[in-house]
Amino acid sequence: MSVKVLKHLATKRDSKNRSIPQYLVKCECGKEWTVSAPNRTNNCKECSNRLGAEKRKTHGDHNTALYAIWRSMKARCNSPKAQSYKNYGAKGVSVCKEWNSAFEPFRDWAKTSGYVKGMHLDKDEKSKKLGFSPAVYSPDTCQWITQQANNKIELQMNTDSYEKTIVSEYERGRTITSIANQYYNGRGKSTSAKTKYIESVLKRHKVWKRIRA
Ligand SMILES: [Zn+2]
C-alpha cells in the first residue's frame, strides 16, 4: 500500500540552496498533501495511526481462547506434525479458504454464531447433514456446542467406528467368537456375554442373518 503521486511540483531550495523535490500525493482515504520522498510514504498520518491501532487490536486477539481454537483447527488439518493431524488432515478434514487465510473472518463468524468462551467448535453434525465427507471447517458446516454435547457426539462416533469394525470383520468371514475375543471392549464378562454383544451389533447393522442364511 502506498500513496499515489498526483503531481511533481516545482523543486524547492533549502537554506543551503540544495534542491528538494516536491510531490503532491494522495492517500487511499482521499487526503492530499505534499512530500519530498513519495516512495517512503505509505499512508497519510491519520490512516497510519488507524492502521496501527487495528494491527495492535488484532494482535490483542491473539491471546484469546478463540484465537487458540482457530490456530489448533488449522494445525490439526494442515500440519502433519500436529498431534491430532492423523484424525483430521490425514483423513481429508479441511478448513475453508476464508478461515484458512485469516483469523478475522473466523472471529467475525464466531461473534454472530453464538460463541461463548468454553464452547466447542463442532464441524461434524452440519457437515454430515449437508453431505460433506470428510467434514469441513466453514461458516456453513460449523456450529458451537457445549463441551458436554461434544462428549456425547464423540462417544457416538467412537461407537459407530467400533461397530463398523465388527461388521467388516464379520463380513470378511471371521467367526463371532474370534471377533469377540479381539474387539470386545468391556461390556460383560463371560464368553457368551461377549458373543451375545457382537451378535447384537451385527443384528443392529442387519448383517448377521444375511450372512448366516
Ligand atoms: Zn489517509
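Residues numbered from 1 in each chain as written. Predicted model: local features only at pLDDT ≥ 70, side-chain atom pairs only at ≥ 80, totals over all residues.

## Quick word on the overall build of the protein
Helices and strands together make up the secondary structure of the protein, namely 9 helices and 7 strands. Along the longest, intermediate and shortest principal axes, the C-alpha atoms of the protein span 105 × 30 × 30 Å. For the protein, buried positions account for 15% of its 213 residues. Counted over contacts in the protein with a minimum sequence separation of 6, partners at least 24 positions apart contribute 37%. (Helix = DSSP H or I, 4+ residues; strand = E, 2+ residues; numbered from the N terminus. Buried ≥ 20, exposed ≤ 12 C-beta atoms within 10 Å, placed from the backbone. Contact = placed C-beta atoms within 7 Å.)

## A closer look at unusual backbone geometry
Going from serine 133 to proline 134, the amide bond is cis rather than trans, its omega being 0 degrees. For proline 134, the position within the fold is in the loop between helix H5 (124-130) and strand S6 (136-137). Its identity is not glycine, yet lysine 206 carries a phi of approximately 60 degrees, on the positive side. Locating lysine 206 in the fold gives a position in the loop between helix H8 (191-204) and helix H9 (208-212). Overall, the presence of 9 C-beta atoms within 10 Å leaves lysine 206 in the exposed class.

## Notes on the packing of helix H2 (residues 65-78) against helix H4 (residues 103-112)
Across the interface, H2 lies against H4 with an axial gap of 10 Å and an inter-helix angle of 125 degrees. The orientation of H2 with respect to H4, classified from their angle, is oblique. As H2 packs across H4, the resulting crossing turns out to be right-handed. Between H2, through Leu66, Tyr67 and Trp70, and H4, the contact on the second element is made entirely by Phe103, Phe106, Arg107 and Ala110. For the contact of H2 with H4, the residue count by class is 6 nonpolar, no polar and 1 charged. (Axes fitted to C-alpha atoms, helices over the stretch in contact; angles between N-to-C directions. Parallel < 35°, antiparallel > 145°, perpendicular 65-115°, else oblique. Left-handed = near helix turned anticlockwise from the far one by under 90°. Nonpolar A, V, L, I, M, F, W, Y, C, P; charged D, E, K, R; others polar.)

## Some remarks on the domain arrangement of the protein
Taken domain by domain, the protein comprises domain 1 (4-59), domain 2 (64-144) and domain 3 (152-212). Here the C-alpha centre of domain 2 lies 41 Å away from the C-alpha centre of domain 1. (Domains from an automatic or database assignment.)

## Quick look at the pairing of strand S1 (residues 4-13)
Regular strands place side chains that alternate from one sheet face to the opposite one. For S1, the buried fraction is low: 0 of the 10 residues fall into the buried class. In this structure, S1 lies alongside strand S2 (residues 19-26), joined through 7 bridges in antiparallel fashion. Each bridged residue has a counterpart across the sheet, and for lysine 4 the counterpart in S2 is lysine 26. Connecting the antiparallel pair S1 and S2 is a turn made up of 5 residues, with asparagine 17 showing a positive phi of about 65 degrees. (Pairing = 2+ DSSP bridges.)

## Things to note about the environment of tyrosine 85
If you trace the backbone, tyrosine 85 turns up in the loop between H2 and strand S4 (94-95). Residues tyrosine 85 and alanine 75, 10 residues apart in the sequence, show an inter-C-alpha distance of 7.4 Å. Residue contacts for tyrosine 85: discarding those within four places in its chain leaves Arg76, Ser79, Pro80 and Ala90.

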